[in-house]
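If you want the building blocks of each chain, they are given just below.
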Amino acid sequence: MIDRYLLRYFLAVIDHGNFSRAAGACSVSQPTLSVGIAKLERELGQMLFHRTNRRIELTEAGARFAASARRIEAEFLLAERAVQETPARETFRLGVLATIPTPLIEDFLIELRREGSAMRLEIVEAGERDLNERLGRGRIDAAVTLLRGDRDKQSGISLFSEGYSLAMAADHPLAHLPVIEPRQLADNVMIVRRQCELLSETSRYFTSHGVRPFFAARTTNEDRALALVRRGLGVTVMPDCFRHAGVVRPALADFAFTRTIGMVSAAHADPQTIERSNIVQALRRTLTRPVTDA
């Protein structure tokens, strides 16, 4: 296989009439170019130039090879130009709140692929505070996160609202009750969800009712928390959208907290770019669907 740089040396000698000027055009020294031409001739098994003190002329083999060399170099240039003229695919950096269930994100990605979005999607999972910081610094284009207060709800696109309830194993002694009083959990083991946006409020709720449970696990992984609940290690409080076979979701008495999930765009984000990405449409069709058990 002939290296492209050898073809360029060969054509430069033809175009400039001598090795010295050809070397300058190729930004190499004359000895380097001469070595390259000699290598090309060895690979082809033919002399390409008649070398005299006054001039350099193509041999018959050189003349035949020149036509092919020019065609090959022209194809190289066309290929380079085609790549340079191809617009780079836009990348949409979407932050996703860590406390959104994995199956909902999976459904969203399936929907987005079905629509054939032309954009590349980069998912950035983080907690609420981290997402807000990334939005402010322009490190992500938008975030599926909590909408808090009137300003967020006006600037963001609301997707769904929900409450919080207990998560416990289906064979838990209290699993048959639709509503559970905090005192009924006084001797229960609990699991702490580190990413929970209501961690402080939940702690105060149980403390105010005299419930100070033993914590069997502390995890930042929501799927892990569900698995631990399902296997009976303990109970926990989760947003209502978390569902899993083997886990029941009874209400917690007088625990009236709710959250609204929506999409908030960064200041630099172009609304038309977001619209073109089909991301909002895919989010609406998936995150607003009824939640079913996994």
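See the structure shown above.
Visitor: I keep staring at unusual backbone geometry and nothing clicks. Help me out?
Guide: Peptide bonds are mostly trans, and most non-glycine residues show a negative phi. Positioned with a positive phi, serine 27 is a non-glycine residue whose angle comes to about 60°. When you line up the elements, serine 27 lands in the loop between helix H2 (19-25) and helix H3 (30-44). Its identity is not glycine, yet aspartate 254 carries a phi of approximately 60°, on the positive side. Relative to the helices and strands, aspartate 254 resides in the loop between strand E12 (251-252) and strand E13 (258-265).

Visitor: Where do I start with the environment of leucine 252 in this structure?
Guide: Its place among the elements puts leucine 252 in strand E12. Through-space distance from the C-alpha of leucine 252 to that of tyrosine 164 is 8.0 Å; in sequence the pair is 88 residues apart. Residues contacting leucine 252, with those up to four places away along its chain left out, are Leu166, Ile180, Leu185, Tyr205, Phe206 and Val237.

Visitor: Can you walk me through the pattern of salt bridges in this structure?
Guide: Where charged atoms from two side chains of opposite charge approach closely, those side chains can pair. Under the defined criterion, the tally for this structure stands at 16 salt bridges. Put simply, aspartate 3 and lysine 39 hold a salt bridge, and the shortest N to O gap is 3.8 Å. Taken together, the residues aspartate 3 in the segment before helix H1 (4-16) and lysine 39 in helix H3 connect sequence positions 36 residues apart. The partner of arginine 4 in a salt bridge is glutamate 80, with the nearest N and O atoms 2.6 Å apart.

Visitor: Quick question: what am I supposed to make of H3 here?
Guide: An α-helical turn contains 3.6 residues, so a residue and the one three or four places further along point in the same direction. Along its 15 residues, H3 runs 21 Å from first to last C-alpha, staying within 8% of the 21 Å computed at 1.5 Å per residue. Within H3, burial applies to Leu33, Gly36, Ile37, Leu40 and Glu41. The buried residues of H3 occupy an angular sector of 135° when the element is viewed end-on, so they sit on one face. Of the residues in H3, the exposed ones pointing more than 90 degrees away from the buried face are Pro31, Val35 and Arg42. Of the residues one or two after H3, glycine 45 is the one with positive phi, at around 70°.

Visitor: What is the right way to read helix H5 (residues 102-115) from this model?
Guide: In this model, H5 (14 residues) spans 20 Å end to end at C-alpha, consistent with the 20 Å of a helix rising 1.5 Å per residue. Among the residues of H5, those classed as buried are Leu104, Ile105, Phe108, Glu111 and Leu112. Looking straight down H5, one finds that the buried residues subtend no more than 120° of arc, so they occupy a single side. For H5, exposure combined with an orientation more than 90 degrees from the buried face picks out Arg113 and Arg114. Positive backbone phi, at 70°, marks glycine 116, one or two positions downstream of H5.

Visitor: Hey, could you run me through the packing of H5 against helix H11 (residues 279-287) in this one?
Guide: Helix packing for two helices is described by the angle between their axes and how far apart those axes are. Between H5 and H11, the shortest axis-to-axis distance is 9 Å and the interhelical angle comes to 135°. As the angle between them shows, H5 and H11 are arranged oblique. Like other packed secondary-structure pairs, H5 and H11 cross with a definite hand, here right-handed. Contact residues: Leu104, Asp107, Phe108, Glu111, Leu112 and Glu115 in H5; Ile279, Gln281, Ala282, Leu283, Arg285, Thr286 and Leu287 in H11.

Conventions we followed
Residues numbered from 1 in each chain as written. Predicted model: local features only at pLDDT ≥ 70, side-chain atom pairs only at ≥ 80, totals over all residues. Heavy atoms only, no water. Helix = DSSP H or I, 4+ residues; strand = E, 2+ residues; numbered from the N terminus. Contact = heavy atoms within 4.5 Å. Salt bridge = Lys/Arg side-chain N within 4 Å of Asp/Glu carboxyl O. Expected span 1.5 Å × (residues − 1). Buried < 20%, exposed > 50% of the residue type's maximum accessible area, 1.4 Å probe, protein only. Arc of directions from axis to C-beta. Axes fitted to C-alpha atoms, helices over the stretch in contact; angles between N-to-C directions. Parallel < 35°, antiparallel > 145°, perpendicular 65-115°, else oblique. Left-handed = near helix turned anticlockwise from the far one by under 90°.

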